[in-house]
Amino acid sequence: MAKKKKKKRRIRPLALCVFRRGDKIFLAQGYDSHERKIFYRPIGGRIEFGERGCQAVVRELREEIQAEVTDLKYLGALENIFEYEGLAGHEIALIYRGRFVEERFDDDDLTVRGLNKGEILYEAAWMPLELFRGKTAAALYPAGLLKLLEEAAWR
């Protein structure tokens, strides 16, 4: 009997973009049904072979929320080893800051659905940074993102 091949686990390269206005950042909300936990993360996605991180950000924003981004600036890289839906994951995320081209994205009450082939991936909205501080802080990923944002120059 032939041995079943074990699927090789791989590190996933990501490019994520943080949009910030004053004390708010634009984030996607996710849910881990295994942990029964809501979490937040910047929008973006997998870097494809031969694609630079900044190109991945532009492509992902166009594909998922039909948005154009400008003034991209690299902030740093974060490594995230985690569990999601009961499975181990490992990502290296290139973090950028950016600005939406269209003013409609600057509305505090805006909620946008990220779509892939008609399937809803997430809902994104402006969230106060204070939500991610203190003892009752909401989960913000990748790990270390809040610290990176606090150290970054937002000029």
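Throughout this description, residue numbers start from 1 for each chain and increase along the sequence as written. Reporting of local features is limited, given that this is a predicted model, to residues whose pLDDT is at least 70; pairs of side-chain atoms are given and counted only at 80 or more, and all residues count toward the totals for whole chains, interfaces and linings. Side-chain numbers here rest on the full set of heavy atoms in the structure, without hydrogens or water.

Draft legend 1. Layout of the overall build of the protein. By definition, any uninterrupted DSSP run of H or I lasting at least four residues is a helix, any uninterrupted run of E lasting at least two residues is a strand, and each is numbered from the N terminus. In terms of regular secondary structure, the protein is built from two helices and nine strands. The globule rule used here is 2.2 Å times the number of residues to the 0.38 power, and the radius of gyration it is set against is calculated over C-alpha atoms. Expected size for 155 residues packed as a compact globule is a radius of gyration near 15 Å; at 16 Å, the protein falls within 12% of this value. With respect to the principal axes defined by its C-alpha atoms, the protein has extents near 60 × 40 × 30 Å. Relative accessibility decides the category of a residue: with a 1.4 Å probe and only protein chains considered, values under 20% of the type maximum give buried, values over 50% give exposed, and everything between is partly exposed. For the protein, with 155 residues in total, the buried portion stands at 39%. Whether two residues touch is decided by their heavy atoms; if any such pair falls within 4.5 Å, the residues are in contact. For the protein, contacts bridging at least 24 residues in sequence account for 65% of all contacts bridging at least 6. We count Lys and Arg on the positive side and Asp and Glu on the negative side, and we leave His and both chain ends out. By convention, charge coordinates are those of NZ in Lys, CZ in Arg, CG in Asp, or CD in Glu. A distance of 9 Å separates the average location of the 29 positive side-chain charges in the protein from that of its 25 negative side-chain charges.

Draft legend 2. Here's a closer look at the side chain of Glu64. Here Glu64 lies in helix α1 (residues 53–65). Arg41 provides the closest opposite charge to the buried, salt-bridge-free Glu64, at an N-O distance of 6.1 Å. Ignoring anything within four residues of it in the chain, the contact list for Glu64 reads Gly44, Arg113, Gly114, Leu115, Leu121 and Tyr122. Definition used for salt bridges: Asp or Glu carboxyl oxygen within 4 Å of a side-chain nitrogen of Lys or Arg.

Draft legend 3. Fine view of the packing of aromatic side chains. In this scheme Phe, Tyr and Trp rings, the latter by its six-membered ring, pair at centre separations within 6.5 Å, and the angle between planes marks the pair as stacked below 30 degrees, edge-to-face above 60, and tilted otherwise. The final tally for this structure, using the stated rule, is 10 aromatic pairs. Taking 4.5 Å as the distance between ring centres and 20 degrees as the angle between the ring planes, the aromatic pair formed by Phe100 and Phe105 counts as stacked. Take Phe105: its relative accessible area is 0%, and that puts it in the buried class. A connected cluster of aromatic rings, assembled from ring pairs, spans Phe19, Phe26, Phe100, Phe105 and Trp126. When the ring centre of Trp126 is taken as reference, the NZ or CZ atom of Arg21 above it lies at 4.3 Å. In this scheme, Lys NZ or Arg CZ marks a charge over a ring once it lies within 6 Å of the ring centre and within 35 degrees of the ring normal.

Draft legend 4. Focus on the pattern of salt bridges. Enumeration over the complete set of coordinates arrives at 14 salt bridges. Close ionic contact of Arg133 with Glu130 constitutes a salt bridge, the shortest N to O distance being 3.3 Å. Given a relative accessible area of 31%, Arg133 falls into the partly exposed group. Here Arg133 and Glu150 are joined by a salt bridge, their closest N and O atoms 3.1 Å apart. Note that Arg133 is positioned in the loop between β8 (119–128) and β9 (139–140) and Glu150 in helix α2 (residues 145–151), a separation of 17 residues in sequence. Looking at Glu150, the relative accessible area reads 48%, which means it is partly exposed.

Draft legend 5. The arrangement of the nonpolar core in detail. In this structure, Phe19, Phe26, Ile43, Leu61, Ile65 and Phe100 are the most contacted members of the largest nonpolar core, which totals 21 residues. It is α1 that contributes the most residues to this core, four residues altogether. Non-local contacts of Ile65, meaning those with residues more than four positions away in its chain, are made with Ile43, Glu60, Phe100, Arg104, Phe105, Val112, Arg113, Gly114 and Tyr122. Buried residues of nine kinds, namely Ala, Val, Leu, Ile, Met, Phe, Trp, Tyr and Cys, make up a nonpolar core once their side-chain atoms join them within 4.5 Å. Counting 20 residues, the second largest nonpolar core, distinct from the first, contains Leu14, Ala93, Ile95 and Leu149.

Draft legend 6. Inspection of the environment of Leu75 at higher detail. With respect to the element layout, Leu75 can be found in strand β5 (residues 69–84). With a relative accessible area of 16%, Leu75 lands in the buried category. Along the sequence, Leu75 and Ala152 sit 77 residues apart, while their C-alpha atoms lie 6.7 Å from each other.

Draft legend 7. Here's a closer look at the pairing of strand β1 (residues 12–21). For two strands to be treated as a pair, DSSP must find no fewer than two bridges joining them. Sheet topology note: the β1/strand β6 (residues 87–100) ladder contains eight bridges and is parallel. Bridging across to β6, Arg12 finds its partner in Glu91. Sheet topology places β1 next to strand β4 (residues 43–46); four bridges connect them, and they run antiparallel. In the strand pairing of β4, Ala15 is matched with Gly45. Summarising the sheet, β1 and strand β2 (residues 24–32) pair through three bridges and their orientation is antiparallel. When the sheet's bridge partners are listed, Arg21 is paired in β2 with Lys24. Where β1 folds back on β2, the antiparallel hairpin that results is connected by two residues, among which Gly22 adopts a positive phi of roughly 60 degrees.

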